[in-house]
Amino acid sequence: MCGVVGLFVGCSAVVTCPRDSLLRTDTASQPLEEGEGEAGAQAYRSPFTTWFERSAVRRTPRRILDDVGPGELFPAELVPIAGHPLVRELPPGEFAQVLTQHAYRYLDFTAKLEHLVVNRTALGIAHGTIGVRVHEDMRFDAYKIYCDEAYHALFCADLIRQIERTTGVRPRLDRHPYLLRRLAEIRERVGPRLAPLVEIMFVICSETLISATLAESSADTRIAPAIRESIRDHALDEGRHHAYFVAFLRVMWGQLDPTLREQAVALVPELIMTFIRPDLPGLRDELLGYGLTPDQVEQVLAETYPDHVVSAYARETAAQTVRYFTELGAMDSERIRAEFLRHDLLKEVLV
Ligand SMILES: [Fe+2]
Ligand SMILES: [Fe+2]
């Protein structure tokens, strides 16, 4: 957010803005030297050694959508609201739209997550502006992540355009997605000292969660081939990102003082749920657009996403991410453990 002097005073990107910190020369922007810093930094094994040969942006062709109808992108079984009787009873043309809008929502969410959230952190690591000192190789790998995520956003935007052209269904998308609104609210609530950590911790969570969700879908042959192939391309890249952000978490953990560390990890359960919870406001608007009454819409949402279903899905999807924090000793704190339990992300073990 730069270019016009004065217009972006107070810009939220300032923390990760490379221009801001390239003008400063504090030690936090210097790479860790060999033998310096935490063991995690010294032991960094780059997951990107074959990136130039294997990343999607360098290796894969553009994915072209076949001539499909609006209901042939995602099978109804993969679109949770499509399983509800009130949605199944919609006229066939509108039911097909429900499936198409699901594809749009997924692709748009991904594009915005990559561009507006993950890449801000990648940029901050690449330019040493994030306040965490990392090994030079880790910093260089952030440039590769930045390219990967930009390409993921591009192929999602490309598919949205192809779907619209092929099916004639207009996307109903929120210009200010739920995810970004929630992150802004959390940043606001925690105040200026912790706000920069909100986004970093969110990226660590989402980058270690996303590979599991993508791997699941990339093998599903009921998804239209171009979408399925793009999900597979994405999943292979995200496997590398997952390993990277686990390493980054360990380095960062070693550099936070105990108070800040506890404050940062206390945010994790809410951030995991921010990533996993369905976009209810977006779904509400969409369902109202098909002519369902407000009561019917609330019924569909309540019965499709009861708390226990959302919790069980979150616990399963986030298990690996929660394990990383456990391995770092985060659950030794009663307060942190209680926070994870409160969000239903841990099973209470009775001894
Ligand atoms: Fe990605
Ligand atoms: Fe990623």
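Scroll up for the structure.
How each quantity is defined
Residues numbered from 1 in each chain as written. Chains lettered and ligands numbered in written order. Predicted model: local features only at pLDDT ≥ 70, side-chain atom pairs only at ≥ 80, totals over all residues. Heavy atoms only, no water. Donors = N, O, S within 2.8 Å, 3.2 Å for Na, K, Ca; no water. Tetrahedral: all angles 85-135°; square planar, octahedral: opposite > 155°, others 65-115°. Helix = DSSP H or I, 4+ residues; strand = E, 2+ residues; numbered from the N terminus. Polar contact = N/O pair within 3.5 Å; in protein donor to acceptor, adjacent residues only side chain to side chain. Contact = heavy atoms within 4.5 Å. Buried < 20%, exposed > 50% of the residue type's maximum accessible area, 1.4 Å probe, protein only. Arc of directions from axis to C-beta. Core = buried A, V, L, I, M, F, W, Y, C linked by side-chain atoms within 4.5 Å. Expected span 1.5 Å × (residues − 1). Salt bridge = Lys/Arg side-chain N within 4 Å of Asp/Glu carboxyl O. Phe/Tyr/Trp six-rings, centres within 6.5 Å; stacked < 30°, edge-to-face > 60°. Lys NZ or Arg CZ within 6 Å of the ring centre and 35° of its normal.

(A) Quick peek at the coordination of the iron ion (ligand 2). Distances from the iron ion (ligand 2) to its protein donors, namely E149 (OE), E207 (OE), E207 (OE), E238 (OE), E238 (OE) and H241 (ND1), fall within the range 2.0 to 2.6 Å. What the six donor atoms of the iron ion (ligand 2) show is an angle range of 53 to 162° at the metal, which sorts the shape as irregular. If you list the donors of the iron ion (ligand 2) from N- to C-terminus, the spacing comes out as E-x57-E-x30-E-x2-H. Between the iron ion (ligand 2) and the iron ion (ligand 1), a separation of 3.5 Å is found, and both are coordinated by E149. Residue E149 is located in helix α7 (residues 136-167), and its partner E207 is located in helix α9 (residues 195-218); the two are separated by 58 residues in the primary sequence.

(B) Local environment of the side chain of E286. Looking at the element boundaries, E286 is found in helix α13 (residues 280-289). There is a polar contact of 2.7 Å between the side chain of E286 and the side chain of Y290. If we skip the residues at most four places from it in the chain, E286 touches Q97, V98, Q101, R105 and R172.

(C) Structural detail: the coordination of the iron ion (ligand 1). Of the protein atoms, only E114 (OE), E149 (OE), H152 (ND1), H234 (NE2) and E238 (OE) coordinate the iron ion (ligand 1), at distances of 1.9 to 2.3 Å. We note that the donor set of the iron ion (ligand 1) lies within a single chain, spaced as E-x34-E-x2-H-x81-H-x3-E.

(D) Inspection of α13 at higher detail. Within α13, the full set of buried residues consists of G282, L283, E286 and L287. What you see down the axis of α13 is that its buried residues fit within an arc of 125°, all on one side. Buried residues belonging to α13 abut α5 (85-88), α6 (92-126) and α14 (294-304). Two residues or fewer after α13 comes G291, characterised by a positive phi angle close to 95°.

(E) Geometry of the nonpolar core. Among the nonpolar cores identified, the biggest contains 103 residues, and I227, Y244, F248 and F325 are the most heavily contacted of them. Here F248 is in contact with I125, V132, V134, M138, I200 and I204, once residues within four sequence places are set aside.

(F) The arrangement of helix α10 (residues 225-255) in detail. Look at α10: 44 Å from first C-alpha to last across 31 residues, which is about the 45 Å you get at 1.5 Å a residue. Most of α10 is tucked away, with 22 of its 31 residues classed as buried.

(G) Main features of the pattern of salt bridges. According to the stated counting rule, one finds 20 salt bridges in the structure shown. In this structure, R62 engages D158 in a salt bridge whose closest nitrogen and oxygen atoms are separated by 2.8 Å. Taken together, the residues span a long stretch of sequence, with R62 in the loop between α4 (56-59) and α5 and D158 in helix α7 at a distance of 96 residues. Note that R222 and E77 form a salt bridge whose closest N and O atoms lie 3.7 Å from each other.

(H) The arrangement of the environment of P61 in detail. By the element assignment, P61 lies in the loop between α4 and α5. Taking the relative accessible area as the measure of exposure, P61 reaches 47% and is therefore partly exposed.

(I) View of unusual backbone geometry. Even without being glycine, D344 reaches a positive phi, approximately 65°. Counting through the fold element by element, D344 comes out in the segment after α17 (334-342).

(J) Representation of the packing of aromatic side chains within the structure. Enumeration over the complete set of coordinates arrives at 10 aromatic pairs. Taking the centre distance of 6.2 Å and the plane angle of 45° together, the rings of F140 and Y143 count as tilted. Remark: Y143 and F140 occur in helix α7; sequence separation between them is three residues, near one turn of the helix. One aromatic cluster is present, built from ring pairs that chain together Y44, F48, Y244, F245 and F248. For the cation-ring pair, R172 lies above Y290, with the distance from its terminal atom to the ring centre recorded as 4.9 Å.

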